[in-house]
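Spelled out from the first residue to the last, the chains are:
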Amino acid sequence: MTQGLNRQETVPAHIAVIMDGNRRWARRQGLPVLSGHRKVAAEVLEPLVEHAFRRGVKYLTFWAFSTENWNRDAAEVRGIMRLFRDMIGRFGTRMHRKGIRIRTIGDLSRLEPALGKSIRELVDLTSGNTNITVTFAVNYGGRDEIVRAVGRLAADPEFNSRNSGLTEDEFGKYMDTDGIPDPDLIIRTGGEQRLSGFLLWQCRYSELYFPSFTMPEFTPERLDEAIAEYASRQRRFGK
Ligand code: FPP
(Lines give C-alpha, C1' and ligand atoms only; values in the text may rest on other atoms or scores of the structure.)
Protein backbone atom coordinates (compact mmCIF):
# COMPACT_ATOMS: atom_id res chain seq x y z
CA MET A 1 0.00 0.00 0.00
CA THR A 2 1.37 3.42 -0.83
CA GLN A 3 0.52 6.34 1.37
CA GLY A 4 -1.22 9.32 -0.26
CA LEU A 5 0.48 12.67 -0.63
CA ASN A 6 -2.26 14.67 1.01
CA ARG A 7 -1.25 14.25 4.62
CA GLN A 8 -1.72 17.50 6.47
CA GLU A 9 -1.65 18.63 10.03
CA THR A 10 -5.42 18.83 9.91
CA VAL A 11 -5.64 15.07 9.61
CA PRO A 12 -6.28 13.42 12.97
CA ALA A 13 -3.48 11.04 13.98
CA HIS A 14 -5.99 8.83 15.78
CA ILE A 15 -9.62 8.33 14.81
CA ALA A 16 -11.79 6.12 17.02
CA VAL A 17 -15.17 4.86 15.87
CA ILE A 18 -18.18 3.76 17.90
CA MET A 19 -19.81 1.45 15.38
CA ASP A 20 -23.52 2.00 15.95
CA GLY A 21 -26.72 1.47 14.01
CA ASN A 22 -25.98 -1.97 12.56
CA ARG A 23 -29.28 -3.49 13.62
CA ARG A 24 -31.32 -0.43 12.61
CA TRP A 25 -29.72 -0.59 9.17
CA ALA A 26 -30.51 -4.31 8.88
CA ARG A 27 -34.11 -3.87 10.00
CA ARG A 28 -34.62 -1.05 7.52
CA GLN A 29 -33.48 -3.40 4.76
CA GLY A 30 -35.84 -6.11 6.05
CA LEU A 31 -32.82 -8.29 6.91
CA PRO A 32 -31.94 -10.24 10.08
CA VAL A 33 -29.99 -8.10 12.58
CA LEU A 34 -26.78 -10.02 12.06
CA SER A 35 -26.63 -8.84 8.44
CA GLY A 36 -25.78 -5.35 9.65
CA HIS A 37 -22.78 -6.63 11.61
CA ARG A 38 -21.83 -8.90 8.71
CA LYS A 39 -21.90 -6.06 6.20
CA VAL A 40 -19.62 -3.99 8.41
CA ALA A 41 -17.15 -6.87 8.84
CA ALA A 42 -17.17 -7.91 5.18
CA GLU A 43 -17.54 -4.64 3.28
CA VAL A 44 -17.04 -1.56 5.43
CA LEU A 45 -13.98 -1.94 7.66
CA GLU A 46 -11.27 -2.68 5.12
CA PRO A 47 -12.03 0.24 2.75
CA LEU A 48 -12.09 2.56 5.78
CA VAL A 49 -8.72 1.24 7.00
CA GLU A 50 -7.16 1.66 3.56
CA HIS A 51 -8.60 5.11 3.13
CA ALA A 52 -7.51 6.23 6.58
CA PHE A 53 -3.99 5.06 5.77
CA ARG A 54 -4.04 6.97 2.45
CA ARG A 55 -5.09 10.11 4.32
CA GLY A 56 -2.22 9.77 6.78
CA VAL A 57 -4.17 8.60 9.83
CA LYS A 58 -1.80 6.55 12.00
CA TYR A 59 -4.26 4.96 14.44
CA LEU A 60 -7.79 3.79 13.75
CA THR A 61 -9.84 2.22 16.52
CA PHE A 62 -13.18 0.41 16.23
CA TRP A 63 -15.44 -0.51 19.13
CA ALA A 64 -16.53 -4.00 18.10
CA PHE A 65 -18.06 -5.38 21.29
CA SER A 66 -18.81 -3.73 24.62
CA THR A 67 -18.86 -5.24 28.10
CA GLU A 68 -22.64 -4.66 27.98
CA ASN A 69 -23.14 -6.40 24.63
CA TRP A 70 -23.08 -9.81 26.38
CA ASN A 71 -26.63 -8.97 27.51
CA ARG A 72 -27.92 -9.14 23.95
CA ASP A 73 -29.87 -12.04 22.54
CA ALA A 74 -27.63 -15.17 22.75
CA ALA A 75 -27.95 -15.88 19.02
CA GLU A 76 -26.75 -12.36 18.16
CA VAL A 77 -23.77 -12.68 20.54
CA ARG A 78 -22.88 -16.07 19.00
CA GLY A 79 -23.20 -14.54 15.54
CA ILE A 80 -20.88 -11.64 16.39
CA MET A 81 -18.31 -14.06 17.88
CA ARG A 82 -18.53 -16.12 14.68
CA LEU A 83 -17.87 -12.95 12.67
CA PHE A 84 -14.77 -12.25 14.76
CA ARG A 85 -13.56 -15.83 14.17
CA ASP A 86 -14.20 -15.69 10.42
CA MET A 87 -12.61 -12.31 10.12
CA ILE A 88 -9.34 -13.15 11.87
CA GLY A 89 -8.17 -15.55 9.16
CA ARG A 90 -8.74 -13.78 5.85
CA PHE A 91 -8.89 -10.17 7.01
CA GLY A 92 -5.92 -10.71 9.33
CA THR A 93 -3.70 -12.13 6.63
CA ARG A 94 -4.60 -9.32 4.23
CA MET A 95 -3.98 -6.70 6.89
CA HIS A 96 -0.59 -8.22 7.65
CA ARG A 97 0.36 -8.22 3.95
CA LYS A 98 -0.52 -4.52 3.81
CA GLY A 99 1.77 -3.69 6.72
CA ILE A 100 -1.08 -2.98 9.12
CA ARG A 101 -0.63 -3.54 12.81
CA ILE A 102 -3.61 -5.02 14.65
CA ARG A 103 -4.12 -4.40 18.35
CA THR A 104 -6.96 -4.95 20.75
CA ILE A 105 -8.18 -3.21 23.86
CA GLY A 106 -10.67 -4.74 26.25
CA ASP A 107 -10.72 -7.87 28.34
CA LEU A 108 -10.14 -10.84 26.04
CA SER A 109 -10.23 -13.28 28.95
CA ARG A 110 -14.02 -13.60 28.72
CA LEU A 111 -13.89 -14.76 25.10
CA GLU A 112 -13.96 -18.41 24.17
CA PRO A 113 -10.28 -19.49 24.69
CA ALA A 114 -9.64 -20.50 21.06
CA LEU A 115 -10.96 -17.15 19.83
CA GLY A 116 -8.86 -15.23 22.36
CA LYS A 117 -5.82 -17.23 21.28
CA SER A 118 -6.26 -16.52 17.57
CA ILE A 119 -6.77 -12.82 18.26
CA ARG A 120 -3.55 -12.74 20.32
CA GLU A 121 -1.71 -14.59 17.53
CA LEU A 122 -2.85 -11.99 14.98
CA VAL A 123 -1.74 -9.19 17.30
CA ASP A 124 1.69 -10.87 17.66
CA LEU A 125 1.98 -11.55 13.92
CA THR A 126 1.38 -7.92 13.00
CA SER A 127 3.27 -6.35 15.90
CA GLY A 128 6.16 -5.19 13.72
CA ASN A 129 3.95 -3.46 11.11
CA THR A 130 4.07 0.32 10.97
CA ASN A 131 1.73 1.60 8.22
CA ILE A 132 -1.29 2.14 10.45
CA THR A 133 -2.37 0.62 13.77
CA VAL A 134 -5.92 -0.69 13.74
CA THR A 135 -7.26 -1.40 17.22
CA PHE A 136 -10.39 -3.41 17.90
CA ALA A 137 -12.10 -2.80 21.22
CA VAL A 138 -13.44 -6.23 22.15
CA ASN A 139 -15.30 -6.85 25.40
CA TYR A 140 -14.39 -3.25 26.08
CA GLY A 141 -15.83 -0.83 28.59
CA GLY A 142 -14.15 2.43 29.64
CA ARG A 143 -14.79 1.92 33.35
CA ASP A 144 -13.76 -1.72 33.08
CA GLU A 145 -10.48 -0.66 31.48
CA ILE A 146 -9.77 1.79 34.31
CA VAL A 147 -10.62 -0.79 36.99
CA ARG A 148 -8.34 -3.37 35.34
CA ALA A 149 -5.57 -0.76 35.09
CA VAL A 150 -5.87 -0.03 38.82
CA GLY A 151 -5.65 -3.79 39.47
CA ARG A 152 -2.42 -4.00 37.43
CA LEU A 153 -1.02 -0.98 39.22
CA ALA A 154 -1.83 -2.43 42.66
CA ALA A 155 -0.13 -5.70 41.70
CA ASP A 156 3.00 -4.05 40.32
CA PRO A 157 5.89 -4.47 42.79
CA GLU A 158 7.75 -1.60 41.13
CA PHE A 159 4.88 0.77 41.90
CA ASN A 160 4.45 -0.58 45.42
CA SER A 161 8.10 -0.13 46.31
CA ARG A 162 8.22 3.56 45.42
CA ASN A 163 7.20 6.42 47.59
CA SER A 164 6.59 9.18 45.05
CA GLY A 165 3.17 9.92 43.57
CA LEU A 166 1.78 8.71 40.29
CA THR A 167 1.58 10.93 37.21
CA GLU A 168 -1.15 10.73 34.56
CA ASP A 169 1.40 9.49 32.02
CA GLU A 170 2.54 6.75 34.37
CA PHE A 171 -1.03 5.65 35.01
CA GLY A 172 -1.66 5.58 31.25
CA LYS A 173 0.93 2.82 30.95
CA TYR A 174 -1.36 0.46 32.88
CA MET A 175 -4.23 1.09 30.45
CA ASP A 176 -5.00 -1.21 27.50
CA THR A 177 -4.15 1.70 25.20
CA ASP A 178 -0.52 1.97 26.37
CA GLY A 179 1.47 3.18 23.36
CA ILE A 180 -1.59 4.47 21.49
CA PRO A 181 -2.08 8.26 21.54
CA ASP A 182 -5.40 9.64 22.77
CA PRO A 183 -7.98 9.87 19.99
CA ASP A 184 -8.09 13.22 18.20
CA LEU A 185 -11.50 12.46 16.75
CA ILE A 186 -14.22 10.13 18.01
CA ILE A 187 -16.98 9.30 15.56
CA ARG A 188 -20.21 7.64 16.65
CA THR A 189 -22.33 6.54 13.74
CA GLY A 190 -26.09 6.12 13.94
CA GLY A 191 -27.08 9.56 15.25
CA GLU A 192 -26.87 8.97 19.01
CA GLN A 193 -24.89 11.68 20.77
CA ARG A 194 -23.09 9.95 23.63
CA LEU A 195 -19.83 8.10 24.24
CA SER A 196 -21.16 5.28 26.43
CA GLY A 197 -17.82 5.06 28.24
CA PHE A 198 -15.73 4.66 25.11
CA LEU A 199 -12.10 5.55 25.84
CA LEU A 200 -13.26 7.21 29.02
CA TRP A 201 -9.73 8.07 30.18
CA GLN A 202 -8.43 8.92 26.74
CA CYS A 203 -11.28 11.09 25.36
CA ARG A 204 -10.41 14.23 27.35
CA TYR A 205 -9.67 16.49 24.36
CA SER A 206 -11.14 14.39 21.58
CA GLU A 207 -13.29 16.16 19.04
CA LEU A 208 -16.67 14.44 18.77
CA TYR A 209 -18.60 13.80 15.57
CA PHE A 210 -22.06 12.23 15.49
CA PRO A 211 -23.17 11.60 11.93
CA SER A 212 -26.68 10.23 11.35
CA PHE A 213 -25.61 7.51 8.92
CA THR A 214 -25.25 4.02 10.37
CA MET A 215 -22.04 1.99 10.48
CA PRO A 216 -22.98 -0.22 7.49
CA GLU A 217 -23.31 3.03 5.50
CA PHE A 218 -19.87 4.36 6.47
CA THR A 219 -17.90 4.89 3.25
CA PRO A 220 -14.41 6.33 2.57
CA GLU A 221 -16.12 9.51 1.27
CA ARG A 222 -17.87 9.87 4.60
CA LEU A 223 -14.54 9.42 6.36
CA ASP A 224 -13.28 12.38 4.31
CA GLU A 225 -16.29 14.39 5.50
CA ALA A 226 -15.45 13.52 9.09
CA ILE A 227 -11.81 14.56 8.57
CA ALA A 228 -12.97 17.84 6.96
CA GLU A 229 -15.23 18.49 9.95
CA TYR A 230 -12.28 17.80 12.27
CA ALA A 231 -10.11 20.22 10.29
CA SER A 232 -12.70 22.96 10.84
CA ARG A 233 -12.60 22.58 14.63
CA GLN A 234 -10.44 24.74 16.85
CA ARG A 235 -8.68 22.68 19.49
CA ARG A 236 -7.49 24.61 22.52
CA PHE A 237 -6.64 21.80 24.96
CA GLY A 238 -7.89 23.91 27.85
CA LYS A 239 -5.61 26.83 27.00
C1 FPP B 1 -23.53 -1.61 17.25
O2 FPP B 1 -24.69 -1.54 16.45
C3 FPP B 1 -22.68 -2.73 16.86
C4 FPP B 1 -22.27 -3.75 17.66
C5 FPP B 1 -22.64 -3.89 19.06
C6 FPP B 1 -21.43 -4.84 17.18
C7 FPP B 1 -20.40 -4.43 16.19
C8 FPP B 1 -19.86 -5.66 15.63
C9 FPP B 1 -19.46 -5.81 14.39
C10 FPP B 1 -19.50 -4.72 13.39
C11 FPP B 1 -19.02 -7.14 14.00
C12 FPP B 1 -17.87 -7.14 13.15
C13 FPP B 1 -16.70 -6.54 13.74
C14 FPP B 1 -15.50 -7.09 13.59
C15 FPP B 1 -14.34 -6.39 14.14
C16 FPP B 1 -15.34 -8.38 12.92
P17 FPP B 1 -26.04 -1.98 17.12
O18 FPP B 1 -26.14 -3.44 16.97
O19 FPP B 1 -26.09 -1.46 18.52
O20 FPP B 1 -27.09 -1.28 16.23
P21 FPP B 1 -28.41 -0.52 16.69
O22 FPP B 1 -27.95 0.75 17.34
O23 FPP B 1 -29.11 -0.28 15.39
O24 FPP B 1 -29.15 -1.44 17.61
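Residues numbered from 1 in each chain as written. Predicted model: local features only at pLDDT ≥ 70, side-chain atom pairs only at ≥ 80, totals over all residues. Heavy atoms only, no water.

Let us now look at the nonpolar core. Ranked by internal contacts, the top residues of the largest apolar core, which has 49 residues, are Ile15, Phe62, Ile132, Met215 and Phe218. Setting aside its immediate chain neighbours within four residues, Phe218 contacts Val17, Val44, Leu48, Ile187, Thr189, Phe213 and Leu223. Membership of the second largest hydrophobic core comes to eleven residues, among which are Ala16, Ile186, Leu195 and Leu199. (Core = buried A, V, L, I, M, F, W, Y, C linked by side-chain atoms within 4.5 Å. Buried < 20%, exposed > 50% of the residue type's maximum accessible area, 1.4 Å probe, protein only. Contact = heavy atoms within 4.5 Å.)

Take the site of the ligand next. Surveying the vicinity of the ligand reveals 17 residues, the closest of which are Asp20, Arg23, Arg24, Arg72 and Met87. At 2.7 Å, a backbone N or O of Arg24 approaches an oxygen atom of the ligand. With respect to the ligand, the side chain of Arg72 contributes an N or O atom lying 2.7 Å from an oxygen atom. Isolated, the ligand exposes 610 Å² of accessible area, and the fraction of that covered by the protein chains is 93%. Put simply, the parts of the chain that give the shell around the ligand at least two residues each are helix H1 (22-28), helix H2 (34-55) and helix H3 (74-97). Among the elements that make up the shell around the ligand, the one with the highest residue count is H2 (four residues). (Near = heavy atom within 4 Å. Polar contact = N/O pair within 3.5 Å; in protein donor to acceptor, adjacent residues only side chain to side chain. Areas by Shrake-Rupley, 256 points an atom, 1.4 Å probe, with all protein chains shown as cover. Helix = DSSP H or I, 4+ residues; strand = E, 2+ residues; numbered from the N terminus.)

Here we take up unusual backbone geometry. You will see that Leu199, though not glycine, has its phi angle at about 50°, which is positive. Position of Leu199 relative to the elements: it lies in the loop between strand E5 (185-188) and strand E6 (207-209). Of note in this structure, Phe237 is not a glycine but carries a positive phi near 50°. Locating Phe237 in the fold gives a position in the segment after helix H8 (220-231). Judged by its relative accessible area of 40%, Phe237 is partly exposed.

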